[in-house]
Each structure stands twice: as structure tokens, then as C-alpha cells.
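Spelled out from the first residue to the last, the chains are:
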Amino acid sequence: MNAEPLLDDKGEVKEVICSFNDITESKAVEEKLTWLYQSLEIRAFELATSNADLERFLYVATHDLQEPLRRVTSFMQLLKKKYEEQLDDRPMNILIMP
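Here the structure is a predicted model, which is why all the values come from computation and not from measurement.

> What exactly am I supposed to notice about the environment of alanine 52 here?
Checked against the element boundaries, alanine 52 lands in helix H1 (residues 24-83). Each C-alpha atom of the pair alanine 52 and tyrosine 37 lies 23 Å from the other, and the pair is 15 residues apart in sequence.

> In this structure, what is going on with the confidence of the model for the chain? I would like to understand it.
Detailed conclusions should not be drawn from predicted coordinates in areas where pLDDT is low. Looking at the chain, pLDDT values average 88 and 92% of them are 70 or higher. For the chain, per-element mean pLDDT is lowest for strand E1 (residues 2-7), which scores 90, and highest for H1, which scores 92.

> Mind showing me how you'd approach the pairing of strand E2 (residues 13-19) here?
Remark: a regular strand shows side chains that alternate across the two faces of the sheet. Sheet analysis places E1 next to E2, joined by six bridges and oriented antiparallel. Among the inter-strand pairings, alanine 3 is bridged to a residue of E2, identified as cysteine 18. Joining the antiparallel neighbours E1 and E2 is a turn of five residues, in which glycine 11 adopts a positive phi near 85 degrees.

Conventions we followed
Residues numbered from 1 in each chain as written. Predicted model: local features only at pLDDT ≥ 70, side-chain atom pairs only at ≥ 80, totals over all residues. Heavy atoms only, no water. Helix = DSSP H or I, 4+ residues; strand = E, 2+ residues; numbered from the N terminus. pLDDT = per-residue confidence, 0-100. Pairing = 2+ DSSP bridges.

See below:
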């Protein structure tokens, strides 16, 4: 509702003009936008949490895989040192059995 007084020459209220606007649709749109914004905030928080979990997993996984790689590298260096004079540049077919 909006009301505006009309004054006479003496400054006294002569009439009041009133107007009414139906804001039902505007309020519904406002509520929907508020809900969407809150949903986006929740999703952003969930994604941030998920990314943090993935980063922790990646750190642990890469750290855990470094040790076997170090062992294989060390073993290969020992083999090279021991058999270096007996090896040539030809590729080898290696069969790994369980």
C-alpha cells in the first residue's frame, strides 16, 4: 500500500491518494532466489569438503606409493652395479611370476 496526501493552499490535507500493489509474485520470486542461493552455498561447502578429502587421499596415496618405488629403484641400481659388465644395450623380455 502506498498513500500520499494532497494538500490545499493552507497546507492542510485535502485528500489522500492510496494505491495498492499485489507483491505476491515478487515475494515468491524472492523466496525462490533465497532458496537457490542457500542451496548454492551448501553445495559449495560440500564441494570444498570433498576437495579437501581428495587432497588428503592423494597425499597419502602418493606418499604410500613412493616407498615401493624407492625399493624397486634401489634394487635396480644393485642389479646394475652387480651385472653392469655382463649387460649390453639390447632390450630384455622379462617374465614376472607371482
